[in-house]
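For reference, the chains in residue letters:
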Amino acid sequence: MFRRSLTLTGLSAALIAQPALAQQGPPGGTPYSSVPSVPIQRCANLGNTFEQPAGMPWGGVMPMKADLADIKAQGFDTVRFPIRWSAYAKDKAPYTIDLAFFAKVDQVVGWATDAGLNIIVDLHHFEEIYAKPAAHRAELVALWGQIAEHYKDQPPSVLFEVLNEPNDKLDNATLEPMLVDVLATIRRTNPTRKVIMGGQFWSGISSLASFDPPKDPNVIATFHFYEPFAFTHQGASWVKDPPPAPRVFGLPGDEEWMETMQKEVLAFEERTGVPLFLGEFGAIDSANLAERARYTDTVRRTAEGLGVPWCVWSYDNTFHIHRDGQWIPVMLKALGLPPESTAPTTAPTTGASAP
Ligand code: BGC
(Lines give C-alpha, C1' and ligand atoms only; values in the text may rest on other atoms or scores of the structure.)
Protein backbone atom coordinates (compact mmCIF):
# COMPACT_ATOMS: atom_id res chain seq x y z
CA MET A 1 0.00 0.00 0.00
CA PHE A 2 1.26 3.47 -0.77
CA ARG A 3 -0.35 6.64 0.36
CA ARG A 4 0.85 10.10 -0.55
CA SER A 5 0.58 13.06 1.73
CA LEU A 6 -1.41 16.08 0.71
CA THR A 7 -0.58 19.73 0.55
CA LEU A 8 -1.59 21.55 3.70
CA THR A 9 -4.17 24.24 3.70
CA GLY A 10 -4.63 26.61 6.61
CA LEU A 11 -7.80 27.39 8.50
CA SER A 12 -8.83 30.39 10.55
CA ALA A 13 -8.29 30.19 14.27
CA ALA A 14 -11.93 31.10 14.79
CA LEU A 15 -13.09 27.96 13.02
CA ILE A 16 -10.75 25.81 15.05
CA ALA A 17 -12.03 27.23 18.28
CA GLN A 18 -15.71 27.08 17.34
CA PRO A 19 -16.48 24.05 15.19
CA ALA A 20 -20.06 24.69 14.18
CA LEU A 21 -21.24 21.11 14.53
CA ALA A 22 -19.93 20.79 18.05
CA GLN A 23 -22.45 23.45 19.10
CA GLN A 24 -25.35 21.14 18.45
CA GLY A 25 -24.82 18.62 21.24
CA PRO A 26 -27.59 17.92 23.76
CA PRO A 27 -27.60 19.83 27.05
CA GLY A 28 -24.99 18.14 29.18
CA GLY A 29 -24.66 15.36 26.65
CA THR A 30 -21.86 13.93 24.60
CA PRO A 31 -20.55 15.82 21.56
CA TYR A 32 -21.83 13.18 19.16
CA SER A 33 -25.42 14.21 18.68
CA SER A 34 -24.64 16.49 15.75
CA VAL A 35 -24.85 13.33 13.65
CA PRO A 36 -27.83 11.60 15.24
CA SER A 37 -28.29 9.19 12.37
CA VAL A 38 -24.95 7.53 13.12
CA PRO A 39 -25.51 5.05 15.93
CA ILE A 40 -21.76 4.91 16.62
CA GLN A 41 -19.65 6.81 19.10
CA ARG A 42 -16.50 4.83 19.88
CA CYS A 43 -15.36 1.97 17.71
CA ALA A 44 -12.41 -0.41 17.42
CA ASN A 45 -11.31 -2.04 14.18
CA LEU A 46 -10.84 -5.81 14.39
CA GLY A 47 -7.89 -5.30 12.05
CA ASN A 48 -5.79 -7.95 10.33
CA THR A 49 -8.03 -10.84 11.27
CA PHE A 50 -10.37 -11.57 8.33
CA GLU A 51 -8.86 -9.17 5.79
CA GLN A 52 -5.61 -10.86 4.82
CA PRO A 53 -5.21 -13.08 1.76
CA ALA A 54 -6.82 -16.48 2.43
CA GLY A 55 -4.53 -18.73 4.47
CA MET A 56 -1.96 -16.00 5.15
CA PRO A 57 -2.15 -14.79 8.76
CA TRP A 58 -1.04 -11.20 9.30
CA GLY A 59 -0.73 -11.57 13.05
CA GLY A 60 -4.01 -10.02 14.13
CA VAL A 61 -5.54 -11.70 17.16
CA MET A 62 -8.67 -13.56 16.07
CA PRO A 63 -11.59 -12.01 17.91
CA MET A 64 -13.28 -14.44 20.30
CA LYS A 65 -16.47 -14.06 22.31
CA ALA A 66 -14.55 -12.84 25.38
CA ASP A 67 -12.74 -10.16 23.32
CA LEU A 68 -16.03 -8.70 22.13
CA ALA A 69 -17.42 -8.61 25.67
CA ASP A 70 -14.20 -6.98 26.89
CA ILE A 71 -14.26 -4.38 24.10
CA LYS A 72 -17.79 -3.46 25.16
CA ALA A 73 -16.77 -3.35 28.83
CA GLN A 74 -14.07 -0.77 28.07
CA GLY A 75 -16.69 1.63 26.70
CA PHE A 76 -16.60 0.96 22.96
CA ASP A 77 -20.04 0.65 21.38
CA THR A 78 -19.01 -0.61 17.94
CA VAL A 79 -16.50 -2.83 16.18
CA ARG A 80 -15.58 -2.55 12.51
CA PHE A 81 -14.89 -5.91 10.97
CA PRO A 82 -12.65 -5.78 7.86
CA ILE A 83 -13.27 -8.85 5.69
CA ARG A 84 -11.65 -9.86 2.41
CA TRP A 85 -14.89 -11.28 1.00
CA SER A 86 -13.52 -11.51 -2.54
CA ALA A 87 -10.97 -14.11 -1.41
CA TYR A 88 -13.75 -16.44 -0.25
CA ALA A 89 -15.96 -16.25 -3.34
CA LYS A 90 -15.79 -18.00 -6.71
CA ASP A 91 -14.02 -15.84 -9.28
CA LYS A 92 -16.77 -16.35 -11.89
CA ALA A 93 -20.42 -15.27 -11.86
CA PRO A 94 -22.46 -15.63 -9.69
CA TYR A 95 -19.36 -15.20 -7.44
CA THR A 96 -20.74 -17.53 -4.77
CA ILE A 97 -19.34 -16.90 -1.29
CA ASP A 98 -18.13 -19.98 0.56
CA LEU A 99 -20.74 -20.92 3.17
CA ALA A 100 -18.11 -22.17 5.62
CA PHE A 101 -16.54 -18.70 5.52
CA PHE A 102 -19.93 -17.06 6.06
CA ALA A 103 -20.30 -19.24 9.16
CA LYS A 104 -17.03 -17.91 10.59
CA VAL A 105 -18.10 -14.31 10.01
CA ASP A 106 -21.53 -15.09 11.49
CA GLN A 107 -19.89 -16.25 14.67
CA VAL A 108 -18.14 -12.90 15.21
CA VAL A 109 -21.28 -10.97 14.22
CA GLY A 110 -23.22 -13.02 16.79
CA TRP A 111 -20.65 -12.46 19.54
CA ALA A 112 -20.63 -8.71 18.92
CA THR A 113 -24.42 -8.56 18.92
CA ASP A 114 -24.61 -10.63 22.12
CA ALA A 115 -22.11 -8.27 23.73
CA GLY A 116 -24.34 -5.29 22.86
CA LEU A 117 -21.95 -3.91 20.25
CA ASN A 118 -22.77 -2.57 16.80
CA ILE A 119 -20.73 -4.37 14.17
CA ILE A 120 -19.78 -2.99 10.77
CA VAL A 121 -19.48 -5.76 8.17
CA ASP A 122 -16.85 -4.24 5.89
CA LEU A 123 -15.74 -5.39 2.46
CA HIS A 124 -11.98 -4.92 2.64
CA HIS A 125 -8.98 -5.34 0.34
CA PHE A 126 -10.77 -6.02 -2.93
CA GLU A 127 -7.46 -5.23 -4.64
CA GLU A 128 -8.60 -6.30 -8.12
CA ILE A 129 -11.32 -3.67 -8.32
CA TYR A 130 -8.95 -0.81 -7.51
CA ALA A 131 -6.79 -1.68 -10.53
CA LYS A 132 -9.61 -2.61 -12.93
CA PRO A 133 -12.89 -1.09 -11.79
CA ALA A 134 -15.02 -1.95 -14.84
CA ALA A 135 -13.90 -5.57 -14.88
CA HIS A 136 -14.92 -6.15 -11.26
CA ARG A 137 -18.02 -4.01 -10.90
CA ALA A 138 -20.44 -6.93 -11.37
CA GLU A 139 -18.53 -8.96 -8.81
CA LEU A 140 -18.80 -6.22 -6.18
CA VAL A 141 -22.56 -6.01 -6.76
CA ALA A 142 -22.88 -9.81 -6.62
CA LEU A 143 -20.92 -10.03 -3.36
CA TRP A 144 -23.19 -7.44 -1.78
CA GLY A 145 -26.28 -9.18 -3.08
CA GLN A 146 -25.23 -12.26 -1.10
CA ILE A 147 -23.97 -10.48 2.02
CA ALA A 148 -27.12 -8.33 2.21
CA GLU A 149 -29.41 -11.33 1.77
CA HIS A 150 -27.45 -13.29 4.38
CA TYR A 151 -27.69 -10.57 7.07
CA LYS A 152 -31.11 -9.14 6.21
CA ASP A 153 -32.72 -10.41 9.41
CA GLN A 154 -30.00 -9.10 11.70
CA PRO A 155 -30.84 -6.18 14.03
CA PRO A 156 -30.03 -2.59 12.98
CA SER A 157 -26.84 -2.83 15.08
CA VAL A 158 -25.32 -4.69 12.12
CA LEU A 159 -24.12 -2.11 9.60
CA PHE A 160 -22.62 -2.59 6.15
CA GLU A 161 -19.56 -0.89 4.64
CA VAL A 162 -19.41 -1.24 0.87
CA LEU A 163 -15.71 -1.00 0.02
CA ASN A 164 -12.67 -0.13 2.09
CA GLU A 165 -10.33 2.56 0.80
CA PRO A 166 -11.03 2.86 -2.94
CA ASN A 167 -7.77 3.85 -4.62
CA ASP A 168 -5.74 3.64 -7.82
CA LYS A 169 -8.15 3.74 -10.81
CA LEU A 170 -11.18 3.83 -8.55
CA ASP A 171 -11.59 7.59 -8.26
CA ASN A 172 -14.80 9.29 -7.15
CA ALA A 173 -16.11 9.67 -10.70
CA THR A 174 -15.72 5.94 -11.38
CA LEU A 175 -16.78 4.86 -7.92
CA GLU A 176 -20.00 6.81 -7.44
CA PRO A 177 -22.14 5.03 -10.09
CA MET A 178 -20.87 1.74 -8.69
CA LEU A 179 -22.02 2.72 -5.20
CA VAL A 180 -25.46 3.50 -6.61
CA ASP A 181 -25.67 -0.03 -8.06
CA VAL A 182 -24.46 -1.68 -4.86
CA LEU A 183 -26.84 0.32 -2.70
CA ALA A 184 -29.81 -0.54 -4.94
CA THR A 185 -28.90 -4.20 -4.53
CA ILE A 186 -28.59 -3.91 -0.75
CA ARG A 187 -31.89 -2.01 -0.54
CA ARG A 188 -33.80 -4.91 -2.13
CA THR A 189 -33.33 -6.92 1.06
CA ASN A 190 -32.32 -4.27 3.62
CA PRO A 191 -34.49 -1.20 3.02
CA THR A 192 -33.27 0.86 5.97
CA ARG A 193 -29.99 -0.66 7.13
CA LYS A 194 -27.16 1.84 7.72
CA VAL A 195 -24.67 1.60 4.89
CA ILE A 196 -21.25 3.22 5.11
CA MET A 197 -19.19 4.27 2.08
CA GLY A 198 -16.00 6.19 1.47
CA GLY A 199 -14.38 7.92 -1.47
CA GLN A 200 -11.22 7.85 -3.54
CA PHE A 201 -7.56 8.04 -2.49
CA TRP A 202 -7.86 5.48 0.31
CA SER A 203 -10.80 7.51 1.63
CA GLY A 204 -8.26 10.04 2.86
CA ILE A 205 -9.39 13.43 4.07
CA SER A 206 -8.91 14.92 0.58
CA SER A 207 -11.53 12.53 -0.84
CA LEU A 208 -14.33 14.45 0.85
CA ALA A 209 -13.98 17.55 -1.34
CA SER A 210 -15.55 15.81 -4.34
CA PHE A 211 -17.27 12.74 -2.88
CA ASP A 212 -21.02 12.47 -3.54
CA PRO A 213 -22.54 9.35 -1.99
CA PRO A 214 -25.90 8.12 -3.33
CA LYS A 215 -28.93 9.92 -1.91
CA ASP A 216 -30.38 7.75 0.84
CA PRO A 217 -31.29 8.71 4.41
CA ASN A 218 -29.42 5.72 5.82
CA VAL A 219 -26.11 6.27 4.11
CA ILE A 220 -23.12 7.33 6.20
CA ALA A 221 -19.99 8.64 4.52
CA THR A 222 -16.60 7.66 5.85
CA PHE A 223 -13.03 8.90 5.72
CA HIS A 224 -9.73 7.61 7.10
CA PHE A 225 -7.16 9.82 8.75
CA TYR A 226 -3.51 8.83 8.96
CA GLU A 227 -1.98 12.29 8.69
CA PRO A 228 0.84 13.09 8.99
CA PHE A 229 1.51 9.80 7.21
CA ALA A 230 5.26 10.13 7.93
CA PHE A 231 4.39 9.79 11.61
CA THR A 232 1.59 7.18 11.56
CA HIS A 233 3.27 4.83 9.10
CA GLN A 234 6.91 5.24 10.12
CA GLY A 235 8.71 2.02 9.25
CA ALA A 236 5.54 0.32 7.89
CA SER A 237 6.66 -2.79 6.04
CA TRP A 238 3.71 -2.72 3.61
CA VAL A 239 4.36 0.84 2.45
CA LYS A 240 6.57 1.51 -0.57
CA ASP A 241 9.57 3.56 0.65
CA PRO A 242 8.32 3.65 4.26
CA PRO A 243 8.91 6.86 6.17
CA PRO A 244 11.84 6.50 8.58
CA ALA A 245 11.42 5.72 12.30
CA PRO A 246 11.66 7.07 14.92
CA ARG A 247 9.71 10.19 14.12
CA VAL A 248 7.86 12.26 16.71
CA PHE A 249 4.45 13.86 16.38
CA GLY A 250 4.54 17.64 16.50
CA LEU A 251 6.96 18.65 13.78
CA PRO A 252 6.12 21.88 11.94
CA GLY A 253 2.95 21.33 9.94
CA ASP A 254 1.72 18.30 11.90
CA GLU A 255 -0.99 20.08 13.87
CA GLU A 256 -2.23 21.77 10.70
CA TRP A 257 -3.58 18.39 9.64
CA MET A 258 -6.17 18.70 12.40
CA GLU A 259 -7.25 22.00 10.89
CA THR A 260 -7.47 20.30 7.52
CA MET A 261 -9.73 17.64 9.03
CA GLN A 262 -11.99 20.30 10.52
CA LYS A 263 -12.19 22.26 7.31
CA GLU A 264 -12.92 19.26 5.07
CA VAL A 265 -15.45 17.68 7.45
CA LEU A 266 -17.42 20.89 7.86
CA ALA A 267 -17.34 21.60 4.13
CA PHE A 268 -18.50 18.07 3.27
CA GLU A 269 -21.34 18.04 5.78
CA GLU A 270 -22.47 21.46 4.64
CA ARG A 271 -22.29 20.55 0.95
CA THR A 272 -23.92 17.11 1.12
CA GLY A 273 -25.81 16.92 4.43
CA VAL A 274 -24.49 13.37 4.77
CA PRO A 275 -23.17 12.38 8.22
CA LEU A 276 -19.57 11.30 8.54
CA PHE A 277 -17.75 8.50 10.33
CA LEU A 278 -13.98 8.39 10.86
CA GLY A 279 -13.52 4.70 10.04
CA GLU A 280 -9.76 4.37 10.63
CA PHE A 281 -7.09 6.35 12.45
CA GLY A 282 -4.11 5.46 14.58
CA ALA A 283 -0.33 5.19 14.65
CA ILE A 284 1.97 2.25 14.11
CA ASP A 285 3.81 0.43 16.90
CA SER A 286 7.21 1.52 15.59
CA ALA A 287 6.45 5.01 16.88
CA ASN A 288 7.23 5.69 20.51
CA LEU A 289 4.25 4.73 22.70
CA ALA A 290 3.92 8.11 24.38
CA GLU A 291 3.93 9.78 20.93
CA ARG A 292 1.35 7.32 19.62
CA ALA A 293 -0.87 8.10 22.60
CA ARG A 294 -0.49 11.85 22.16
CA TYR A 295 -1.33 11.57 18.46
CA THR A 296 -4.33 9.31 19.12
CA ASP A 297 -5.64 11.69 21.76
CA THR A 298 -5.27 14.66 19.39
CA VAL A 299 -7.08 13.03 16.46
CA ARG A 300 -9.79 11.58 18.68
CA ARG A 301 -10.51 14.95 20.29
CA THR A 302 -10.53 16.69 16.91
CA ALA A 303 -13.11 14.21 15.59
CA GLU A 304 -15.22 14.44 18.73
CA GLY A 305 -15.14 18.23 18.53
CA LEU A 306 -16.67 17.93 15.09
CA GLY A 307 -19.32 15.47 16.24
CA VAL A 308 -17.70 12.75 14.15
CA PRO A 309 -17.76 9.23 15.61
CA TRP A 310 -14.48 7.36 15.31
CA CYS A 311 -12.99 3.90 14.90
CA VAL A 312 -9.42 3.33 16.03
CA TRP A 313 -7.07 1.14 14.02
CA SER A 314 -6.65 -1.36 15.53
CA TYR A 315 -7.67 -3.65 18.36
CA ASP A 316 -4.77 -6.09 18.40
CA ASN A 317 -2.17 -5.84 15.65
CA THR A 318 0.46 -3.45 14.26
CA PHE A 319 -1.23 -0.34 15.65
CA HIS A 320 -2.00 -2.01 18.98
CA ILE A 321 -4.31 -0.66 21.63
CA HIS A 322 -4.46 -4.15 23.19
CA ARG A 323 -1.58 -6.60 23.23
CA ASP A 324 -0.77 -10.01 24.70
CA GLY A 325 -4.22 -10.23 26.22
CA GLN A 326 -4.07 -6.82 27.89
CA TRP A 327 -5.20 -3.30 27.12
CA ILE A 328 -2.43 -0.72 26.77
CA PRO A 329 -3.52 1.78 29.44
CA VAL A 330 -2.11 4.94 27.81
CA MET A 331 -3.84 4.09 24.56
CA LEU A 332 -7.18 3.60 26.29
CA LYS A 333 -6.68 6.90 28.06
CA ALA A 334 -5.88 8.57 24.73
CA LEU A 335 -9.21 7.25 23.46
CA GLY A 336 -11.00 8.77 26.46
CA LEU A 337 -11.91 5.33 27.76
CA PRO A 338 -13.63 4.21 29.76
CA PRO A 339 -16.06 7.10 29.25
CA GLU A 340 -16.93 9.02 32.39
CA SER A 341 -20.47 7.69 32.48
CA THR A 342 -19.25 4.09 32.76
CA ALA A 343 -16.01 4.62 34.70
CA PRO A 344 -15.97 2.95 38.10
CA THR A 345 -16.83 5.53 40.72
CA THR A 346 -15.28 5.87 44.12
CA ALA A 347 -17.71 5.12 46.92
CA PRO A 348 -19.04 8.37 48.39
CA THR A 349 -17.54 9.36 51.69
CA THR A 350 -20.29 9.59 54.30
CA GLY A 351 -18.14 10.13 57.31
CA ALA A 352 -19.60 7.01 58.91
CA SER A 353 -17.13 4.28 59.71
CA ALA A 354 -17.59 0.87 58.23
CA PRO A 355 -19.12 -1.73 60.53
C1 BGC B 1 -5.38 -1.93 6.09
C2 BGC B 1 -4.39 -2.49 7.06
C3 BGC B 1 -3.36 -1.44 7.43
C4 BGC B 1 -4.06 -0.19 7.88
C5 BGC B 1 -3.08 0.90 8.16
C6 BGC B 1 -5.99 -0.70 6.68
O7 BGC B 1 -6.98 -0.22 5.82
O8 BGC B 1 -6.37 -2.87 5.86
O9 BGC B 1 -3.79 -3.61 6.51
O10 BGC B 1 -2.57 -1.92 8.48
O11 BGC B 1 -4.97 0.25 6.91
O12 BGC B 1 -2.28 1.13 7.04
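All values derive from a computational prediction rather than experimental measurement. (Residues numbered from 1 in each chain as written. Predicted model: local features only at pLDDT ≥ 70, side-chain atom pairs only at ≥ 80, totals over all residues. Heavy atoms only, no water.)

Draft legend 1. Structural detail: the packing of aromatic side chains. For the structure on display, the rule yields 17 aromatic pairs. Between the aromatic rings of Phe76 and Trp327, the centroid separation amounts to 5.9 Å while the plane-to-plane angle is 25°, which identifies the pairing as stacked. Placement of the pair is Phe76 in the loop between helix H2 (65-73) and strand S2 (78-83) and Trp327 in strand S10 (residues 326-327), with a sequence separation of 251 residues. Seen in terms of ring centroids, Phe231 and Tyr295 are 5.3 Å apart; in terms of plane orientation they differ by 50°. Their pairing is tilted. Of this pair, Phe231 sits in helix H8 (residues 229-232) while Tyr295 sits in helix H10 (residues 289-305), and the two are 64 residues apart along the sequence. Each member of the pair Phe231 and Tyr295 is classed as buried. (Phe/Tyr/Trp six-rings, centres within 6.5 Å; stacked < 30°, edge-to-face > 60°. Helix = DSSP H or I, 4+ residues; strand = E, 2+ residues; numbered from the N terminus. Buried < 20%, exposed > 50% of the residue type's maximum accessible area, 1.4 Å probe, protein only.)

Draft legend 2. Expanded view of unusual backbone geometry. Between Ala93 and Pro94 the backbone carries a cis peptide bond, its omega angle lying at 5°. Note that Pro94 resides in the loop between S2 and helix H3 (99-114). Positive phi is not limited to glycine here, since His125 has a value of about 55°. Following the sequence through the fold, His125 ends up in the loop between strand S3 (118-123) and helix H4 (127-131). Even without being glycine, Asp241 reaches a positive phi, approximately 50°. By secondary structure assignment, the location of Asp241 is in the loop between H8 and helix H9 (256-272).

Don't take any of this as a statement about function, it's just geometry.
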